[in-house]
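Here are the chains, one letter per residue:
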Amino acid sequence: MQRNGSFVATLTSGAAIVGAGVLVARWWVSRAAQRHATVQSTATPPSDILSDILESSLPIAAAAQLAAARNGEMTVECLLGGRQLVITCDPRVAAHVFKGKGSNNYRLRPATDEGLRKLGMYHEGLIWNNDVKSWTKVRNCFKTALNQDALERATEVARQECIALLNAELEAKPKGTSLNLLNLARKVTFRTALSVFFGVRSDVFPACGIDEEAIIAAIVQYFKAWEYLVLRPERHWEDSLLARHCTSVTELRRHVHTLLEVTSKLSSSMPFIDSLCEACANNDSMREQGALEMLLAGTDTSSVTAYYALLGVAGDGQLQRDLRAELDGSCAKTRPTNTPLLEAVVDETLRFKPVGPVVLREAERDDADFPAMGWVKANTALVVHLAEMNLRKEIWGEDANCFRPRRFLEGPAAEARFKAECFWPFGHGPKGCIGMHLGRREVCAILKTIVPGFELAVEGTETLGSLQTHWDIANQPDNPALICVRRRQ
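Calculation criteria
Residues numbered from 1 in each chain as written. Predicted model: local features only at pLDDT ≥ 70, side-chain atom pairs only at ≥ 80, totals over all residues. Heavy atoms only, no water. Helix = DSSP H or I, 4+ residues; strand = E, 2+ residues; numbered from the N terminus. Areas by Shrake-Rupley, 256 points an atom, 1.4 Å probe, with all protein chains shown as cover. Core = buried A, V, L, I, M, F, W, Y, C linked by side-chain atoms within 4.5 Å. Buried < 20%, exposed > 50% of the residue type's maximum accessible area, 1.4 Å probe, protein only. 1 Å grid on protein atoms, 1.4 Å probe; cavity = no way out; pocket = protein on both sides within 12 Å on 5 of 7 lines; lining within 4 Å. Points joined across faces, edges and corners; volume = space filled by probe spheres on them. Nonpolar A, V, L, I, M, F, W, Y, C, P; charged D, E, K, R; others polar. Disulfide = S-S within 2.5 Å. pLDDT = per-residue confidence, 0-100. Contact = heavy atoms within 4.5 Å. Axes fitted to C-alpha atoms, helices over the stretch in contact; angles between N-to-C directions. Parallel < 35°, antiparallel > 145°, perpendicular 65-115°, else oblique. Left-handed = near helix turned anticlockwise from the far one by under 90°. Pairing = 2+ DSSP bridges. Phe/Tyr/Trp six-rings, centres within 6.5 Å; stacked < 30°, edge-to-face > 60°. Lys NZ or Arg CZ within 6 Å of the ring centre and 35° of its normal. Expected span 1.5 Å × (residues − 1). Polar contact = N/O pair within 3.5 Å; in protein donor to acceptor, adjacent residues only side chain to side chain.

Enquirer: So what exactly am I meant to see when it comes to the overall build of the protein here?
Expert: Helix and strand content of the protein: 19 helices and 11 strands. Summed over its atoms, the accessible surface of the protein is roughly 20300 Å², and 50% of this surface lies on carbon and sulfur atoms.

Okay, here's the thing in structure tokens:
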């Protein structure tokens with residue numbers, strides 16, 4: 001039914017509200033996929049998100065219908081269980097929440113407390129820690145660790161590891177063999193995080209009993225547990241799935257515990273770990289969660305973005321040649337030069353296939369200056385739908401559904417003001433992604449290593465646009481397309 005222009009449904013738990021928002025957001029982005037399918041001739045039909053909603057047993061199908069009825073609007077408001085839920089792809093709202101004068105009002109993330117406890121995130125760690133005092137201490141540890149020196153070292157480690165891994169892959173397989181570059185990118189970012197922040201180099205993995213494949217697999221499974229435990233109401237938890245996801249959490253925490261033991265043996269001082277110990281007052285659980293989240297965020301989000309960028313470049317021969325020419329020219333100079341096309345490729349990847357498709361926030365206090373609506377109450381759950389915002393033609397032009405990096409070198413998107421107002425790949429403000437510079441460095445290092453020395457071609461007809469993805473908090477590919485990698489002659 002309608003009440004003062006707002007939709008009213010019946011949901012009571014915090015997780016139900018968040019789950020409703022994210023599932024409606026998924027449905028919303030499926031419309032973007034349908035629009036995109038008209039551009040990419042090889043696109044496969046998008047999954048039926050509305051069916052997913054119905055099958056979830058959450059009574060929110062009507063909320064999805066509301067989103068459909070208002071598909072011309074940028075902001076959808078619902079009243080769910082007496083609580084406001086706002087889903088928006090309006091850049092004005094994003095600017096207000098992320099960096100406006102009231103951005104400190106949006107430092108919390110809505111979630112079920114029990115789900116956070118099972119994940120180890122309840123009042124611990126950085127990503128979903130809603131205890132502002134504890135969160136501030138941990139954030140300062142991350143901020144100090146991600147200094148310029150660490151970023152420089154991360155760039156070099158990522159480059160070296162990418163070369164070593166790619167050479168090993170190519171030597172082990174016949175010429176012309178296609179590779180899973182997502183797996184390769186995950187190993188690069190994993191090894192980078194361990195080397196820079198844990199003091200554990202890849203050459204000591206065997207001697208220290210570090211099972212790289214097992215830890216990366218555990219990270220991927222943790223993302224699945226994260227989505228299930230945070231976004232699904234407790235009353236919809238199924239015993240078998242709950243047990244499996246809790247096992248995934250325990251498994252990754254076990255690996256992190258082992259890594260911290262290895263770190264203590266290899267190095268008498270590791271600034272990031274030492275600062276965590278101090279901030280967490282030697283609380284082992286808090287320290288391990290902080291370390292886990294550095295490993296988690298430093299491994300999977302960057303690697304998925306790097307893979308999407310490589311797939312986009314591999315599918316566009318002219319782009320690949322232009323990017324290679326730019327990188328060849330930069331490497332030939334005595335001092336490194338700017339690489340605007342490379343930066344544009346990274347920006348366009350983050351726009352076109354964002355690994356973080358939505359941002360969740362919660363209003364701590366009433367907000368009387370909220371754009372588009374004028375007022376939101378305290379405890380309002382907010383979903384900023386970046387994936388939809390990034391494909392809006394009224395923002396990005398008629399070719400918004402096309403992967404075209406040069407848009408960031410010409411036209412409105414090339415202007416600093418446009419990017420500051422309409423492009424939010426890492427969020428912004430108090431809860432913005434603190435690792436955004438590390439992520440960009442790692443993605444650029446992987447592209448700089450692979451593109452100049454190798455010819456890339458996608459196996460089959462898959463494109464970045466047609467690639468089907470799913471959301472495990474991050475936007476992950478269902479079946480990563482293989483990419484044929486050949487050394488340049």
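Enquirer: Would you take a moment to explain the nonpolar core for this structure?
Expert: Nonpolar side chains tend toward joint burial in soluble globular proteins. Counting residues in each nonpolar core, the largest one holds 144 residues, and the members touching the most others are Phe197 and Trp226. Here this core takes 14 residues from helix α13 (residues 284-314), the largest share from any one element.

Enquirer: Could you clarify how one ought to interpret the layout of surface pockets in this entry?
Expert: Remark: the empty space left among the atoms is shown by a probe the size of a water molecule rolled over them. In this structure, the second largest pocket occupies an estimated 630 Å³ of space. As for the second largest pocket, its lining consists of 26 residues, of which Glu343, Asp347, Met436, His437 and Arg440 are closest to the centre. Breaking the lining of the second largest pocket down by element, the ones donating at least two residues are α7 (148-172), α15 (340-352), α18 (416-422) and α19 (436-450). The biggest single contributor to the lining of the second largest pocket is α19, with 7 residues. Of the residues belonging to the lining of the second largest pocket, the class tally is 11 nonpolar, 7 polar and 8 charged.

Enquirer: I tried to follow the state of the cysteines on my own but got confused; where do I start?
Expert: Chemically, a disulfide is nothing more than a covalent bond linking the sulfur atoms of two cysteines. Taken as a whole, this structure holds 0 disulfides when the rule is applied. Lacking any disulfide linkage, Cys141 is separated from the closest cysteine sulfur, that of Cys280, by 6.4 Å. Residue class for Cys141 comes out buried when judged on its relative accessible area of 5%.

Enquirer: What's the story with empty space enclosed by the protein in this structure? I'm lost.
Expert: Within this structure, the stated rule accounts for 1 cavity of 30 Å³ or more. The space that makes up the largest cavity amounts to roughly 1000 Å³. If you trace the largest cavity, you find 50 residues lining it, with Arg109, Ile127, Ala297, Thr301 and Cys433 closest to the centre. Put simply, the parts of the chain that give the lining of the largest cavity at least two residues each are α1 (14-37), α6 (132-145), α10 (212-231), α13, α15, β6 (358-362) and α19. If one sorts the elements of the lining of the largest cavity by residue count, α13 sits on top with 8 residues. Of the residues that constitute the lining of the largest cavity, the class distribution is 33 nonpolar, 9 polar and 8 charged.

Enquirer: Would you mind showing me how to read the confidence of the model for the protein here?
Expert: Caution is warranted with low-pLDDT regions, since their predicted coordinates should not be read in detail. This prediction gives the protein a mean pLDDT of 83; 82% of its residues lie at or above 70. Taken element by element, the predicted model of the protein shows its lowest mean pLDDT in strand β1 (residues 2-3) (31) and its highest in α15 (97). Taken together, the stretch residues 1-18 has pLDDT below 50 and engages in 48 contacts with residues farther than four places along the chain or on a different chain. Counting interchain partners and residues more than four positions distant, the pLDDT-below-50 stretch residues 26-70 has 95 contacts.

Enquirer: Would you explain the packing of helix α8 (residues 181-198) against α19 in this entry?
Expert: Relative placement of two packed helices is described by the angle separating their axes and the distance separating the axes. Running from N to C, α8 and α19 point in directions that differ by 125 degrees, and their axes come no closer than 11 Å. Taken together, α8 and α19 sit at an angle that is classed as oblique. In terms of crossing hand, the pair formed by α8 and α19 is right-handed. Here Leu184, Ala185, Val188, Thr189, Thr192 and Phe197 of α8 lie close against α19, whose contacting residues are Leu438, Glu442, Ile446 and Ile450. Within the contact of α8 with α19, the residues separate by chemical class into 7 nonpolar, 2 polar and 1 charged.

Enquirer: Would you mind going over the pairing of strand β8 (residues 454-458) with me for this structure?
Expert: Covered by surrounding structure in β8 are Phe454, Leu456 and Val458 only, the residues Glu455 and Ala457 on the alternate face being uncovered. Alignment of β8 against strand β11 (residues 483-487), held across 5 bridges, turns out to be antiparallel. Looking at the pairing, Phe454 lines up with Arg487 of β11.

Enquirer: In this structure, what is going on with unusual backbone geometry? I would like to understand it.
Expert: One can expect most non-glycine residues to show negative phi and most peptide bonds to be in trans. The phi dihedral of His123 falls on the positive side, at around 60 degrees, and the residue is not glycine. Look at Asn379: it is not a glycine, yet its phi comes out positive at around 75 degrees. Looking at where Asn379 falls in the secondary structure, it is placed in the loop between β6 and β7 (381-385).

Enquirer: In this structure, what is going on with the packing of aromatic side chains? I would like to understand it.
Expert: We describe a pair of aromatic rings using the distance from one ring centre to the other and the angle between the two ring planes. Throughout the structure, instances matching the rule amount to 13 aromatic pairs. Seen from their ring centres, Trp128 and Trp226 are 6.1 Å apart, and the 80 degrees between their planes marks the pair as edge-to-face. With Trp128 in the loop between α5 (113-119) and α6 and Trp226 in helix α10, the pair connects residues that are 98 residues apart, well separated along the chain. For Trp128, a relative accessible area of 4% corresponds to the buried category. Through a chain of ring-to-ring contacts, three or more aromatic side chains come together here, namely Trp128, Tyr222, Phe223 and Trp226. Looking at Arg117, its charged tip hangs above the ring of Tyr122, at a distance of 4.2 Å from the centre. Over the ring of Trp396 we find Arg351; its NZ or CZ atom is 5.4 Å from the centre of that ring.

Enquirer: Is there a simple way to explain α15 in this structure?
Expert: Spacing of three or four residues puts side chains on the same side of an α-helix, whose turn is 3.6 residues. With 13 residues, α15 extends 18 Å from end C-alpha to end C-alpha; this agrees with the ideal 18 Å at 1.5 Å per step. Most of α15 is tucked away, with 11 of its 13 residues classed as buried. Restricting attention to buried positions, one finds in α15 the residues Leu341, Leu342, Ala344, Val345, Val346, Asp347, Glu348, Thr349, Leu350, Arg351 and Phe352.

Enquirer: Would you mind showing me how to read α7 here?
Expert: Here α7 is 25 residues long and its end C-alpha atoms lie 36 Å apart, about the 36 Å a rise of 1.5 Å per residue gives. Those residues of α7 lying buried are Ala150, Leu151, Ala154, Val157, Ala158, Glu161, Cys162, Leu165, Leu166 and Leu170. Structurally, α7 contributes buried residues whose contacts are with α6, β5 (178-179), α8, α19, β8 and β11. Among the residues of α7, the N-terminal cap falls to Asn147, whose side-chain oxygen and the backbone nitrogen of Asp149 are separated by 3.2 Å.

Enquirer: Looking at this structure, I do not really get the sheet that holds β5. What am I missing?
Expert: Strands in a sheet are paired, the pairing made by backbone hydrogen bonds, and the direction either parallel or antiparallel. Spatial strand order, β5-β11-β8: 3 strands in an open sheet with antiparallel pairing. A strand with exactly one partner marks an edge of an open sheet, and here the two such strands are β5 and β8. As paired elements, β5 and β11 share 2 bridges and run antiparallel to each other. In the strand pairing of β11, Leu179 is matched with Ile483. Strands β5, β8 and β11 of the sheet are contacted by α7, whose axis makes an angle of about 95 degrees with β11.

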